[in-house]
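# Commentary on secondary and tertiary structure
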Amino acid sequence: MTDAIDIAANLISIRERIAAAARRAGRSPDEVTLLAVSKTHSVGLIAQALAAGQRDFGENLIEEAWVKFGDPHSAAALEMPLSSLQTPQAGPPEAVARPRLHLIGPIQSRKAALAVACRPALIHAVDRLKIARRLDRFAAEAGLTLEVLLEVNVAGEASKFGFSAEGVDREAEAILALTHLRVRGLMTIPPYEPDPEAARPHFAALRRLRDQLAQRFPQADWRALSMGMSHDFETAIEEGATIVRVGTAIFGRRDS
Ligand SMILES: *Cc1c(COP(=O)(O)O)cnc(C)c1O
């Protein structure tokens, strides 16, 4: 048997750490959204997190996201009467809590249609103009407007997905002209270093880039900064993160 994971307790402790990090930086804890990264984990564990009041979930593979959140059967399985939940939100007894799906992984061209069919609340990793155009086209066909972040490879790692800082500046105009995408900000995955302090300059660089883009392209809303994972989300919040993507610290270690 594996050790039992107390998802509700983990969520409480992470929300406390988020609030403390926000206060250290003179920010309101309400500015930070906790995204529970549920990749590889079962719908049963997601339902436990939902019952504990967690609403935003992140998946990095499109098929897995579809099976767990997009497909109407699984979506129905993840709808719970609010009256049955341990949440403070009051509502009519028949009201339901629905999870909000975030797609956080790179999207291959041939997966763009399925990504749109998942009806994600936010796509974090638009990393090239070509995929932005494809998502825009499928969103138009589906009569949707997709909320997206542009992924930036701030450290300039050759092996990583994402725009370079110059690349995002160059392509922003074309992406902002796409009528079925709504840009909300930037996302980054810094090189992995066990010490969270090592990521701080990368988080700060993403924030500065965002500030420059907001000046140059004031027609868009650049407020969101998706940065920080289980081991460095507090540092990210100190540097301005508005969305932290936390998997292991909520659900435990992934086997795969
Ligand atoms: C898996 C993943 C995370 C979560 O990582 P943890 O270290 O488990 O918190 C965050 N962001 C992205 C893009 C991921 O793929």
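In case you missed it, the structure is sitting above this.
Residues numbered from 1 in each chain as written. Predicted model: local features only at pLDDT ≥ 70, side-chain atom pairs only at ≥ 80, totals over all residues. Heavy atoms only, no water.

### Let's talk about the overall build of the protein
- Scanning the protein from terminus to terminus reveals ten helices and ten strands.
- In terms of C-alpha radius of gyration, the protein reaches 18 Å, essentially the compact-globule figure of 18 Å for 256 residues.
- A total of 256 residues make up the protein; the buried ones form 49% of that total.
- In the protein, the share of contacts with a sequence separation of at least 24, taken over all contacts with a separation of at least 6, comes to 64%.
- Separation of charge centres in the protein, based on 31 positive and 32 negative side chains, amounts to 3 Å. (Helix = DSSP H or I, 4+ residues; strand = E, 2+ residues; numbered from the N terminus. Rg over C-alpha atoms; globule rule 2.2 N^0.38 Å. Buried < 20%, exposed > 50% of the residue type's maximum accessible area, 1.4 Å probe, protein only. Contact = heavy atoms within 4.5 Å. Lys, Arg positive; Asp, Glu negative; His and termini not counted. Charge placed at Lys NZ, Arg CZ, Asp CG, Glu CD.)

### Observations concerning the pairing of strand β1 (residues 33–37)
- With four of its five residues buried, β1 lies for the most part within the structure.
- For β1 and strand β10 (residues 243–246), the ladder comprises four bridges, and the chain directions are parallel. Within β10, the residue paired with Thr33 across the bridge is Ile243. (Pairing = 2+ DSSP bridges.)

### Some thoughts on the pattern of salt bridges
- Overall, the coordinates contain 19 salt bridges when judged by the stated rule.
- A salt bridge links Asp221 to Arg184; the nearest nitrogen and oxygen atoms lie 2.9 Å apart. Placement of the pair is Asp221 in the loop between α8 (200–216) and β9 (224–226) and Arg184 in strand β8 (residues 181–187), with a sequence separation of 37 residues.
- Looking at Asp221, the relative accessible area reads 19%, which means it is buried.
- For the salt bridge of Arg200 with Glu197, the shortest nitrogen-to-oxygen distance reads 2.8 Å. (Salt bridge = Lys/Arg side-chain N within 4 Å of Asp/Glu carboxyl O.)

### Quick notes on the site of the ligand
- Lining the immediate surroundings of the ligand are Val37, Lys39, Ile104, Ile189, Met229, Ser230, Arg245, Val246, Gly247, Thr248 and Arg254.
- A distance of 2.6 Å separates an oxygen atom of the ligand from a polar side-chain atom of Lys39.
- One of the side-chain N or O atoms of Ser230 is found 2.5 Å from an oxygen atom in the ligand.
- Burial of the ligand by the protein amounts to 90% of the accessible area it has alone, namely 390 Å².
- Residues of the shell around the ligand, tallied by class, amount to five nonpolar, three polar and three charged. (Near = heavy atom within 4 Å. Polar contact = N/O pair within 3.5 Å; in protein donor to acceptor, adjacent residues only side chain to side chain. Areas by Shrake-Rupley, 256 points an atom, 1.4 Å probe, with all protein chains shown as cover. Nonpolar A, V, L, I, M, F, W, Y, C, P; charged D, E, K, R; others polar.)

### Focus on helix α3 (residues 62–70)
- Within the sequence span of α3, burial applies to Ile62, Ala65, Lys68, Phe69 and Gly70. Angular distribution of buried residues about the axis of α3 spans 150°; they occupy a single face of the element.
- Where α3 is buried, its residues meet α2 (43–51), β2 (56–59), α4 (72–77), β5 (100–103) and α5 (112–117). (Arc of directions from axis to C-beta.)

### Re α8
- The end-to-end C-alpha separation of α8 is 25 Å, in line with the 24 Å expected for 17 residues at 1.5 Å each.
- Among the residues of α8, those classed as buried are His202, Phe203, Ala204, Leu206, Leu209, Arg210 and Leu213.
- Contacts made by the buried residues of α8 are with α7 (165–176), β8, β9 and α9 (233–238). (Expected span 1.5 Å × (residues − 1).)

### Remarks on the packing of aromatic side chains
- By the definition in use, this model includes one aromatic pair.
- Centre to centre, the rings of Phe57 and Phe69 are 5.9 Å apart; their planes meet at 35°, and the pair counts as tilted. Of this pair, Phe57 sits in strand β2 while Phe69 sits in helix α3; the two residues are twelve residues apart in sequence, bridging distant segments of the chain.
- With relative accessibility at 8%, the residue Phe69 sits in the buried group.
- Taking NZ or CZ as reference, Arg137 lies 4.9 Å from the ring centre of Phe138, over its face. (Phe/Tyr/Trp six-rings, centres within 6.5 Å; stacked < 30°, edge-to-face > 60°. Lys NZ or Arg CZ within 6 Å of the ring centre and 35° of its normal.)

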